[in-house]
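Working through the structure, step by step
The lines below spell out each chain.
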Amino acid sequence: MEMNKNIEKWYELHTDEVNALSDDIWAHPEVGMQEHYAAKATAAFMRKYGFEVQELDAAMKGDEPNCVIAKWGSGKPVIGIIGELDALPGLGQEAVPYPSPKPGPGHGCGHNLMAAGCGAAACALKETMEAEGLKGTIVYLGCPAEETFEGKVHMIHNHLFDGIDVCLAWHPMGGAPKAVEICMNACTNMIISFKGRTAHAGGDPHNGRSALDAAELMNVGVQYLREHVTSDVRMHYIYLASGTAPNIVPDFASLNYFVRAQSAETCRDVVARVRKIAEGAAMMTETEVIFEQKAAAYDTMPNFTLNQAMYDSAIKIPEITYTEDEINFAKEVYRNATGKEADHDLLPTTIAPPTGTITSGGGSTDVGDVSYIIPTVQFFGHCRLTGCPSHHWSTTACTGMSIGHKAQIYSGKVLAQNAYDLLHHPEIIEKAWEEHRKNLEGRAPYHCWLDDID
Ligand SMILES: [Zn+2]
Ligand SMILES: [Zn+2]
């Protein structure tokens, strides 16, 4: 019941370098599909540790690389380790325990730690496999655009997940660390734009056809739809364009909609109804409606077999210990983020055992698509302060300092140990596939929405 000595040794030698990589990515935050710096830095790290590295543009459009595939080893099993590269717009923040915004994006979801921490897990595993003569293949996938759930869908569409037997992932999270037993929502991200006809809003309004009116009527229609969908459905939007001046009838308006539901099927049904509302609004206002789907992701499908295996491996890793300075930093962040004093453990370190019960969750991730094609386990925990909001300056602050470092080192060890234990027990992977196949029974086969476009 101890951590593998070779994994431990790798981390003794390389922890500073892993932390330097996550700090470098934190200092160069990039939003989805534009993770050029992060891809380059992560690729260099993986190459240095002997991986065969491809730097790719995930959408394969010939753009600058935003995605890293690093492989090592040969034969079965093929173990995928997922890292993320993207930051969030508008969440730039210094690594201090009070709001101190920096212009531009920031790592308010902690993906800099996932890029480096999960890459390090792959490196530690490789050196352990070499030292112990273990067979198998490691694939580290540094993925773009998780926040807009685009990256992995492009990567699946472009066959970058082909041949992987099992996928392991980690995400910073508040609360007790655990293997995720949440079925996160399927989601569709779309742009709905209206084209009208401009006119002087005071002089000849009768000649105008307002695209803004269409957008507003559409949103009203969606408010009424809310009563007639199942309670898992979430519909949220922002205006991307709404006109230029009040005295000009807007000839263009644009909305960005997310529609979420517990299953991809329900999500698609609701999207079809939202589109009808948009068409109705266009008809009422004599405007034209244009739909553009940006992304769509499946719900996540937890795998109990892999969750149990992840837990069994994770308890071999010594828990994180925080310094008094780190605990005080966390308390100050919490106070400044919530206006309250913390009367609970902001940084719990003890792993919660699997409960065997799946709950539903409001968020979405493109890990959902991966979980439909490959048995996948997500380890959630550390770095985000319990009770602090997500996608928030408080997370950007913690992901750029030692609380984040400790999270990625610990969680990387968990992933490396978990992969190592799976190599010794291939029957767990078999059992995970049996469960996976059973979970898929009675569901429509996985369908990547990008396949409809080509
Ligand atoms: Zn996020
Ligand atoms: Zn995230």
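The name given to the chain in an unreviewed UniProt entry is p-aminobenzoyl-glutamate hydrolase subunit B, with uncultured Anaerotruncus sp as the source organism.

Side note on the pairing of strand β5 (residues 166-171)
When you tally the buried positions in β5, you get 6 out of 6 residues, the bulk of the element. Because side chains alternate across β5, one face comprises the buried residues V166, L168 and W170, and the other comprises C167, A169 and H171, equally buried. Looking at chain direction, strand β3 (residues 78-84) and β5 are connected through 4 bridges and run parallel. Residue pairing for β5: I82 is matched across the bridge by A169. Strand direction decides the pairing type here: β5 and strand β13 (residues 376-382), joined by 5 bridges, are parallel.

A few points about the coordination of the zinc ion (ligand 2)
C109 (SG), H111 (NE2) and H171 (NE2) make up the full set of protein donors to the zinc ion (ligand 2), lying at 2.0 to 2.3 Å. Of note, the donors binding the zinc ion (ligand 2) are all from one chain and are spaced C-x1-H-x59-H.

A word on the UniProt feature "domain: Peptidase M20 dimerisation" (unreviewed entry) in the chain
In this structure's numbering, the residues bearing the UniProt feature "domain: Peptidase M20 dimerisation" (unreviewed entry) are residues 190-279. Strand forms 27% of residues 190-279 and helix 34%; the C-alpha atoms that close the span are 14 Å apart.

Re the coordination of the zinc ion (ligand 1)
Around the zinc ion (ligand 1), the donor atoms from the protein are C109 (SG), E147 (OE), E147 (OE) and H391 (NE2), and they sit 2.0 to 2.5 Å away. Considering all 4 donor atoms around the zinc ion (ligand 1), the spread of angles at the metal, 55 to 147°, places the coordination shape in the irregular class. In this structure, the zinc ion (ligand 1) lies 3.0 Å from the zinc ion (ligand 2), and both are coordinated by C109. Residue C109 is found in the loop between β3 and α3 (111-132), and its partner H391 is found in the loop between β13 and α10 (393-399); the two are separated by 282 residues along the sequence. You can call H391 partly exposed: its relative accessible area is 37%.

Details of helix α1 (residues 5-27)
For α1, which comprises 23 residues, the first-to-last C-alpha distance of 33 Å matches the rise-based estimate of 33 Å (1.5 Å per residue) to within 8%. The sharpest bend along α1 measures roughly 65° and falls at H14. Of the positions making up α1, those classed as buried are I7, W10, Y11, H14, V18, N19, L21, S22, I25 and W26.

Some words on unusual backbone geometry
Omega for the bond connecting K76 with P77 falls within 30 degrees of zero, at -5°, which places this linkage in the cis form. Within the fold, P77 resides in the loop between β2 (67-74) and β3. Phi angles above zero are rare outside glycine, and M33 is one such case at about 75°. Among the structural elements, M33 can be located in the loop between α1 and α2 (36-48). Take M33: its relative accessible area is 18%, and that puts it in the buried class. Here the phi dihedral of H391 falls at roughly 50°; this positive angle occurs in a residue that is not glycine.

Conventions we followed
- As a convention, each chain's residues are numbered from 1 in the sequence order in which they are written.
- Here every chain gets a letter starting at A, and every ligand a number starting at 1, in the order they are written.
- Reporting in this predicted model follows two pLDDT cut-offs: at least 70 for local features of residues, and 80 or more for side-chain atom pairs to be given and counted; totals over whole chains, interfaces and linings ignore these cut-offs and use all residues.
- By convention in this description, side-chain values take in all heavy atoms of the structure and omit both hydrogens and water.
- Each residue gets one of three labels from its accessible area relative to the maximum for its type: buried under 20%, exposed over 50%, partly exposed in between, using a 1.4 Å probe on protein chains only.
- For helices the rule is a DSSP run of H or I covering at least 4 residues; for strands it is a run of E covering at least 2, with both sets numbered from the N terminus onward.
- Strands are labelled as partners when DSSP assigns at least two bridges between them.
- For Na, K and Ca the donor cutoff is 3.2 Å, while for all other metals N, O and S atoms count as donors only within 2.8 Å; water does not appear among the atoms, so some sites may look incomplete.
- UniProt positions are given in the numbering used here, feature names are shortened, and annotations may be inferred rather than shown by experiment.
- Site shape is set this way: if four donors have all angles between 85 and 135 degrees, tetrahedral; if opposite donors are over 155 degrees apart and all others between 65 and 115, square planar for four donors and octahedral for six; otherwise irregular.
- The length a helix should cover is 1.5 Å for every residue beyond the first.
- Here the bend at a residue means the angle between the axes of two seven-residue stretches, the one that ends at it and the one that starts at it.

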